[in-house]
Amino acid sequence: MDSNVVDYSTKIPNNVGLTQDRQVLRALEGWHPGYLNWWRDMGPEGFQEAMVYLRTAYAVDPRGWAKFDYVRMPDYRWGILLAPAEENRTIPFGQHFGEPAWQEVPGEYRAMLRRLVVIQGDTEPASVEQQRHLGKTAPSLYDMRNLFQVNVEEGRHLWAMVYLLHKYFGRDGREEADELLRRRSGSEDAPRMLGAFNEATPDWLSFFMFTYFTDRDGKMQLHSLAQSGFDPLSRTCRFMLTEEAHHMFVGETGITRTVQRTCEAMREAGISDPTDVEKVRALGVIDLPTIQKKLNLHYSLSLDLFGSEVSTNAANAFNAGLKGRYRETQIEDDHRLENATYPVLKMVNGAITKVDEPALTALNMRLRDDYSADCVKGLLRWNKVITTAGIDYQLKLPHVAFHRQIGEFKDVEATPQGELIDAATWKKSEADWLPSASDGDFIASLMRSKIEPGEFASWISAPKVGIDNKPGDFEYVRLAA
Amino acid sequence: MAEHKLANGAARIDFQTEPARYRHWKLTVDGEVATLALDVDENAGLFEGYQLKLNSYDLGVDIELADALQRLRFEHPGVKAVLLRSAKNRVFCAGANIRMLAGASHAHKVNFCKFTNETRNAIEDASRNSGLSFVCVINGTAAGGGYELALAADHIILVDDGSSAVSLPELPLLAVLPGTGGLTRVTDKRRVRRDHADVFCTTEEGVKGKRAVAWRLVDEVVPQSKLDTAATERARERAGRSQRQANGGGVKLTPLQRKFNGDAIDYTCVNVAIDRAGQSATITLHGPDRDAPTNTASLTELGAEFWPLRLARELDDAILHLRNNEFEIGTLIFKSTGDVERVLAYDTFLADNASHWLINEIRQLWKNVLKRIDVTSRSLVTVIEPGSCFAGTLAEVVLACDRSYMLIGQREGDNKPPATIALSALNFGAYPMSNDLTRLQSRFLGEPHRVQVAQERSGEKLEAEDADELGLVTFALDDIDWDDEIRVFMEERTSFSPDALTGMEANLRFGGPETMESKIFARLTAWQNWIFQRPNAVGEDGALKRYGTGQKAAFDMRRV
């Protein structure tokens, strides 16, 4: 069969020949009801019956791979989609550099590989759980639809990881797949594996920040895994990246539209001082300093997802050929890193110091640097909106030492500029740098649902272009009667 | 990698500490339940050059644990159950610190493993003999030595959060073995099926949840939200079943009086004199300077000053110091001074009041100090001269040694009466070795009736020829041969390979049956230490050396 085309004849759409793979098909069919239960319990709350204008993949080739239609979310055709196989692909890094890519799991790396898949898999349902209450306060049907699109695709990404677990990791893999449905974001008893995925996503600005910053971590991780010498993982992640791009888009444009609306409102009201928070808030928009605080929070939480700057696990995974660097194949070096070094920011004698570490163990740091560089692009756009509106304010990424729970800086306090401070100073200024409860209350007060086609909440602008080129008043979600 | 230096310019590893100085453990007592919470200060390693991340430990962490266990026994007689847990979120203990091991000398590694084994045994000993029940609460990763610590407890609770697991990842991860009795406790204490154990010990990430219970690796799994309640309940239940008799307050283990003067270390009733040229140290034990009490009323008042307790603590510290700081001192020579009858009177007091909680603890302490001597990898010899007092409990030191020399009669120019030794009731059961036999039973494996014969002479002051006749000493020598024989023995001993001696002595000391405890030490010595020396572990391309670099170890695939 043509592996570019998705087979919808089975219960589980796929391009991996599931009909010929009875065992895996049976395992997946066994997992399916559990997944649907999870979706009903933990998926978007109150909108399970709504008809949502969603895109569904029907092919995996980059041109025109999706079609749009109204779907009830529980009926969404989650499936198994892998990017087309590259012929004669070789392992692009590590000690097996240049050897043919593995089509089966190498025994000695089974545990490591399973762990990578499980950690990646755990983040996918987590964000759905974190965002499940947001439908009720959507600022427009357009945004609501984007939220649900992100949600169903995160669900599909879970399927992608579960397929790998079922197909390649035997009984342990099946158990892990069940565990992915058992853990719950923020649960005391069975929390999601990574900290940022147990934080609440209380409002839409958080959602945009999450999709911009936290999903971007996901993008970096997927890029690294897309390099994997284990070809099925590589192909899975490559296809996931095509979907992930939409999530970044939702975050970036969401923040742009929020900033845009704030600037417009300020200009209309003749307010030029962006720090005059009360006046700005009185306009029913979110003041720029609060947006900066949200940004500080989500950026710093997302940096934690990269783990310790110096990491044996990362080194092992690279050396084993399981997880590469961002755009590995475009980097010009020996792809083995046995003797290379990489500069890492560390705490040395109480000061933030750049130290050269063996490049192999500094891979988390490198990926995080690539991530930070990638984050900057959005800021340029947002700041352009602010400058164009004639307002003297710049959104900035905080320093990597700011508000960290993992890595070198977890035991110190630092300002967003990266100046080390004591705990008392931190306590005094925390509310200037991170969203306070009252900031949260204010934002929450703006979160009023707008469900008339073409209407938008007071705090956010309309998008420039509709999804699937639909007009501004398109009914993206048909709410159940 | 160069060997690590002690942190903060310390001159030696010191085994003395107290709760106020702990960096890694917190000991709290709430009625009958105490909590020992592990909260390792990652920047307070014993040596320079590593950080103790994720509650990983080095010898310094274990020294505090050993101290806390001792204080629970002496200072807190009202405690009946102990919660062993982590104060860190979602991590219990990641085991021995790998970078510490990679940078440590082989001798340090071995002695580190030995001490941690002794400390795990001390947990089990406190449970068995002091009515202190241990409940381990695993709230996150428990890997390697972390799980081995848990294995020492009576009851293991593992959080059921879908990710926390217990594991012994040493083999797949580091190409070594769990060095703190892990494999032995898995098979002999937890009685895990051998094939399950095989899977468990080759799975780096370990086993979690229901399977951990089904495979007997833990006793129960509990959700996070119920973890504290379950832990408290289990501790209370166990406290309720404890036989521990809480009579009055505890006895404060005051700091030892100890002076280092060049090559001499002086305690109140122990002196250590190091002879560097002769590669030996003479440890002189001083008998009591006053008579034994007549009743237990004054006992708690005497507290740590009570001679048997003071001597045991000082001797323990001296042995540990020599073991861990003086690697080139290959022979330990035990001597004593004091009054045999007075020592016997103390033994009578210890025997008559065995049920008193403090006497019990002192006897258990002596048992453990003597066991510590048994497993000390140095040649051990007792020299029994006029004026010595190797009686009863102190005679155990003679029996613990590889050899003993006793002078017949007086020395020329010395009017001290001839040396005598004596046995007491305590030589016949109070101080079992790790093989669960008394030292006399171990000594007379082939002639068990000799134990009976010796027992009939219990309480009698025995001169050299009698002692020899009874088989209690190796050589009885007169003044003419004495100096020369001892000189020759010392010269011969220092000419042998220390490794071969260590192996031989360990083989000969523990004849007879095995127990879990003796197996643990034997396997540590034989297997773990062998593997630790092999290039597959410690060679330039070995797993331990390459750990943390991301590069894979290169193994010599030939089976040996």
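Because the structure is a prediction, the values reported are computed rather than measured. (Residues numbered from 1 in each chain as written. Chains lettered and ligands numbered in written order. Predicted model: local features only at pLDDT ≥ 70, side-chain atom pairs only at ≥ 80, totals over all residues. Heavy atoms only, no water.)

S.K.: Before we go on, may I ask you to explain the overall build of chain B in this structure?
M.R.: Looking only at helices and strands, one finds 22 helices and 22 strands in chain B. Computed over its C-alpha atoms, the radius of gyration of chain B comes to 24 Å, within 12% of the 24 Å expected for a compact globule of 560 residues. Along the first, second and third principal axes, the C-alpha atoms of chain B reach 75 × 55 × 45 Å. Buried residues in chain B amount to 58% of all 560 residues. In chain B, of all internal contacts separated by at least 6 residues, the share reaching a separation of at least 24 is 75%. Just so you have it, chain B exposes about 22600 Å², and 47% of that area is on carbon and sulfur atoms. The positive charge centre, built from 67 side chains, and the negative charge centre, built from 79, are 8 Å apart in chain B. (Helix = DSSP H or I, 4+ residues; strand = E, 2+ residues; numbered from the N terminus. Rg over C-alpha atoms; globule rule 2.2 N^0.38 Å. Buried < 20%, exposed > 50% of the residue type's maximum accessible area, 1.4 Å probe, protein only. Contact = heavy atoms within 4.5 Å. Areas by Shrake-Rupley, 256 points an atom, 1.4 Å probe, with all protein chains shown as cover. Lys, Arg positive; Asp, Glu negative; His and termini not counted. Charge placed at Lys NZ, Arg CZ, Asp CG, Glu CD.)

S.K.: So what exactly am I meant to see when it comes to the sheet that holds strand E8 (residues 141-143) of chain B here?
M.R.: Backbone hydrogen bonds hold the strands of a sheet together, and the pairing may be parallel or antiparallel. Residue and element names in this part refer to chain B. Taken together, 4 strands build an open sheet; the order of strands is E5-E8-E10-E11 and the sheet is mixed. Of all the strands in the sheet, just strand E5 (91-93) and strand E11 (207-208) have a single pairing partner and so form its edges. The sheet contact formed by strand E10 (residues 165-167) and E11 spans 2 bridges and is antiparallel. What sits directly across from valine 166, in E11, is valine 207. (Pairing = 2+ DSSP bridges.)

S.K.: Is there a simple way to think about the environment of valine 135 of chain B in this case?
M.R.: All names here are of chain B. Structurally, the position occupied by valine 135 is in strand E7 (residues 133-138). By relative accessible area, valine 135 is classed as buried at 0%. Put simply, valine 135 and phenylalanine 555 are 420 residues apart on the chain and 40 Å apart in space, counted from C-alpha to C-alpha. What valine 135 contacts, discounting residues up to four positions off in sequence, is Val82, Leu83, Leu84, His155, Ile157, Arg234, Ala235 and Arg238.

S.K.: Sorry if this is basic, but what is going on with unusual backbone geometry here?
M.R.: Leaving glycine out, the prevailing phi sign among residues is negative, and the prevailing peptide bond configuration is trans. All names here are of chain A. The phi dihedral of histidine 335 falls on the positive side, at around 60°, and the residue is not glycine. The topology assignment puts histidine 335 in the loop between helix H9 (312-319) and strand E3 (341-348). Even without glycine at this site, leucine 337 takes up a positive phi of about 60°. With relative accessibility at 4%, the residue leucine 337 sits in the buried group.

S.K.: Please explain helix H19 (residues 498-509) of chain B as it appears in this structure.
M.R.: Since there are 3.6 residues in each turn of an α-helix, residues three or four apart along the chain are aligned in direction. Helix length check: H19 of chain B (12 residues) gives 16 Å between terminal C-alpha atoms against 16 Å at 1.5 Å per residue, within 8%. Packing partners of the buried residues in H19 of chain B comprise helix H13 (357-374), strand E18 (379-384) and helix H18 (479-495) of chain B. (Expected span 1.5 Å × (residues − 1).)

S.K.: Help me out: how do you make sense of the packing of helix H6 (residues 182-189) of chain B against helix H20 (residues 516-533) of chain B in this one?
M.R.: When two helices pack together, their arrangement is given by the angle between their axes and by how far apart the axes lie. Residue and element names in this part refer to chain B. Interhelical geometry of H6 versus H20 gives an angle of 150° and a closest axis separation of 9 Å. Taken together, H6 and H20 sit at an angle that is classed as roughly antiparallel. Pair H6 / H20 crosses with right-handed handedness. Here Thr184, Arg185, Asp188 and Lys189 of H6 come into contact with H20, specifically with Met516, Lys519, Ile520 and Arg523. (Axes fitted to C-alpha atoms, helices over the stretch in contact; angles between N-to-C directions. Parallel < 35°, antiparallel > 145°, perpendicular 65-115°, else oblique. Left-handed = near helix turned anticlockwise from the far one by under 90°.)

S.K.: Would you take a moment to explain helix H12 (residues 340-352) of chain B for this structure?
M.R.: Residues and elements named next belong to chain B. Taking 1.5 Å as the rise per residue, H12 with 13 residues should run 18 Å; its terminal C-alpha atoms sit 18 Å apart, in good agreement. Turning to H12, its buried residues are Val340, Val343, Leu344, Tyr346, Asp347, Phe349 and Leu350. Of the surrounding elements, those touching the buried residues of H12 are helix H10 (299-302), helix H11 (307-325), H13 and strand E20 (420-421). The backbone nitrogen of glutamate 341 lies 2.8 Å from a side-chain oxygen of the residue at the head of H12, namely aspartate 339. (Polar contact = N/O pair within 3.5 Å; in protein donor to acceptor, adjacent residues only side chain to side chain.)

S.K.: Mind showing me how you'd approach the side chain of arginine 185 of chain B here?
M.R.: All names here are of chain B. Relative to the helices and strands, arginine 185 resides in helix H6. At a separation of 2.8 Å, a polar atom in the side chain of arginine 185 contacts the side chain of asparagine 121. If we skip the residues at most four places from it in the chain, arginine 185 touches Arg120, Asn121, Glu124, Leu151, Ala152, Thr180, Arg190, Arg191, Met516 and Ile520.

S.K.: Even after reading the chapter, I still don't get the interface of chain B and chain A, so can you show me in this structure?
M.R.: If you look at the interface, chain B gives 20 residues, while chain A gives 27 residues. Roughly 1800 Å² of surface becomes buried between chain B and chain A when both sides are summed, with 37% attributable to carbon and sulfur atoms. In terms of surface lost to chain A, no three residues of chain B exceed Glu205, Arg211 and Lys552 of chain B, which account for 26% of the buried area on that side. Here chain B is connected to chain A by 7 salt bridges. In this structure, glutamate 176 of chain A and lysine 208 of chain B form a salt bridge, with 3.1 Å as the shortest nitrogen-oxygen distance. Connecting chain B to chain A are 9 residue pairs in polar contact (both at pLDDT 80 or more). Among the elements that take part in the side of chain B that touches chain A, helix H9 (residues 224-241) of chain B stands out by supplying 3 residues, more than any other. When the residues that make up the side of chain B that touches chain A are grouped by side-chain class, the tally is 2 nonpolar, 8 polar and 10 charged. (Buried area = accessible area lost by both parts, 1.4 Å probe. Salt bridge = Lys/Arg side-chain N within 4 Å of Asp/Glu carboxyl O. Nonpolar A, V, L, I, M, F, W, Y, C, P; charged D, E, K, R; others polar.)

S.K.: What am I meant to see in a negative patch on the surface here?
M.R.: Residues and elements named next belong to chain B. There is a patch of like negative charges on the surface, built from Glu463, Glu465, Asp468, Glu469, Asp478, Asp481 and Glu485. Looking at which element gives the most residues to the negative patch, the answer is helix H17 (residues 464-469), with 3 residues. Assignment of secondary structure puts aspartate 468 in helix H17. By relative accessible area, which is 35% here, aspartate 468 ends up partly exposed. (Patch = residues over 30% accessible without salt bridge, like charges linked within 9 Å, V, L, I, M, F, W, Y side chains within 5 Å.)

S.K.: Sorry, what's going on with the sheet that holds strand E1 (residues 51-57) of chain A here?
M.R.: Strand order in the open sheet made by the 3 strands is E2-E1-E7 (chain A), with antiparallel pairing throughout. For this open sheet the edge positions go to strand E2 (66-72) and strand E7 (477-478) of chain A, each flanked by a neighbour on one side alone.

S.K.: Even after reading the chapter, I still don't get the side chain of serine 228 of chain A, so can you show me in this structure?
M.R.: All names here are of chain A. Take serine 228: it is sitting in the loop between helix H5 (204-226) and helix H6 (231-269). Looking at serine 228, the relative accessible area reads 0%, which means it is buried. From its side chain, serine 228 meets the backbone nitrogen of phenylalanine 230 in a polar contact 3.0 Å long.

S.K.: Explanation requested: the domain arrangement of chain B in the structure shown.
M.R.: Many analyses report the size of an interface as the accessible area lost when the parts associate. Residues and elements named next belong to chain B. On domain assignment, one finds that chain B holds domain 1 (7-241) and domain 2 (259-504). Between the C-alpha centres of domain 1 and domain 2 there is a distance of 33 Å. Contacts between the two partners involve 18 residues from domain 1 and, on the opposite side, 23 residues from domain 2. Taken together, both faces of the contact between domain 1 and domain 2 bury some 1900 Å²; the carbon and sulfur share is 50%. (Domains from an automatic or database assignment.)

S.K.: Explain the packing of aromatic side chains to me, please; I cannot follow it from the model alone.
M.R.: Within a pair of aromatic rings, the relevant descriptors are the distance that separates the centres and the angle that separates the planes. All chains considered together, the criterion is met by 40 aromatic pairs over all chains. Between phenylalanine 306 of chain A and tyrosine 371 of chain A the ring centres are 4.9 Å apart and the planes differ by 50°, which places this aromatic pair in the tilted class. With phenylalanine 306 of chain A in the loop between helix H8 (288-304) and H9 and tyrosine 371 of chain A in helix H10 (residues 363-388), this residue pair connects regions lying 65 residues apart in the sequence. The same class applies to phenylalanine 306 of chain A as to tyrosine 371 of chain A, namely buried. Among the aromatic residues, those joined into a ring-pair cluster are Trp31, Tyr35, Trp38, Trp39, Tyr76, Trp78 and Trp159 of chain A. Between the NZ or CZ atom of arginine 478 of chain A and the centre of the ring of tyrosine 70 of chain A, over which it lies, the distance is 3.7 Å. It is arginine 12 of chain B that lies over the ring of phenylalanine 260 of chain B; its NZ or CZ is 3.4 Å from the centre. (Phe/Tyr/Trp six-rings, centres within 6.5 Å; stacked < 30°, edge-to-face > 60°. Lys NZ or Arg CZ within 6 Å of the ring centre and 35° of its normal.)

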